[in-house]
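Residues per chain, in single letters:
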Amino acid sequence: MTIDEYLERVGEHVDDEYGLAYRRNFADNLGTSQPGMLGCPTRAEYQQLKRAVAIMTSEEKRNVAALSDEQIERIADDAGVDRANFAIFINAYALKLRIKN
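Residues numbered from 1 in each chain as written. Predicted model: local features only at pLDDT ≥ 70, side-chain atom pairs only at ≥ 80, totals over all residues. Heavy atoms only, no water.

Enquirer: Could you give an account of the confidence of the model for the protein, with specific residues and numbers?
Expert: The predicted coordinates should not be examined in detail at positions where pLDDT is low. Looking at the protein, pLDDT values average 87 and 86% of them are 70 or higher. No element of the protein has a lower mean pLDDT than helix α2 (residues 17–25), at 74, and none a higher one than helix α5 (residues 69–79), at 98. (pLDDT = per-residue confidence, 0-100. Helix = DSSP H or I, 4+ residues; strand = E, 2+ residues; numbered from the N terminus.)

Enquirer: An account of unusual backbone geometry is needed here, citing residue identities and associated values.
Expert: Phi is positive for D15, close to 55°, though the residue is something other than glycine. Secondary-structure assignment places D15 in the loop between α1 (3–11) and α2. Residue class for D15 comes out partly exposed when judged on its relative accessible area of 35%. (Buried < 20%, exposed > 50% of the residue type's maximum accessible area, 1.4 Å probe, protein only.)

Enquirer: Give a description of the pattern of salt bridges that names residues and reports values.
Expert: Following the criterion strictly, the structure yields seven salt bridges and no others. Ionic pairing is found between E59 and R62, a salt bridge with its closest N-O pair at 2.9 Å. Pair noted here: E59 and R62 are both in helix α4 (residues 58–62), with a separation of three residues, about one helical turn. The residue D77 makes a salt bridge to R83 at a minimum N-O spacing of 2.6 Å. What makes D77 partly exposed here is its relative accessible area of 42%. A single salt-bridge network, built from bridges that share partners, covers E60, R74 and D78. (Salt bridge = Lys/Arg side-chain N within 4 Å of Asp/Glu carboxyl O.)

Enquirer: Which residues make up the packing of aromatic side chains, and what values do they have?
Expert: Using the criterion set out here, one finds three aromatic pairs in the structure. Here Y6 and Y93 contribute two aromatic rings whose centre-to-centre distance is 5.4 Å and whose plane-to-plane angle is 40°, an arrangement assigned as tilted. Placement of the pair is Y6 in helix α1 and Y93 in helix α6 (residues 83–100), with a sequence separation of 87 residues. Classification of Y6 as buried rests on a relative accessible area of 10%. Aromatic pair F86 and F89: ring centres 6.4 Å apart, planes at 25°, arrangement stacked. One end of the pair is F86 and the other is F89, both in helix α6 and three residues apart, which spans about a single turn. Both residues of the pair, F86 and F89, count as buried. A network of ring pairs unites the aromatic residues Y6, F86, F89 and Y93 as a single cluster. (Phe/Tyr/Trp six-rings, centres within 6.5 Å; stacked < 30°, edge-to-face > 60°.)

Put into structure tokens, the structure is as follows:
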């Protein structure tokens, strides 16, 4: 699965009413509901992820698991997106690759 295919999967449940209600139930000031963003992103969150993935180089897309925190932050900053959500997305994709192999 490529990162672009993973992004499409994340986008399948954009603004899902049940998912958003579930996220709200577990929201707190510590950000513990943030990982729920991958299961049910808002349209704004998904658009941010799309922008960030779109500016990634082919090399970055091929070697997502090797990206450093600094590289992830740079991509997020260059795309003008939330660093935390982009890091969650990248780390989840890298985990998916590890589990599959």
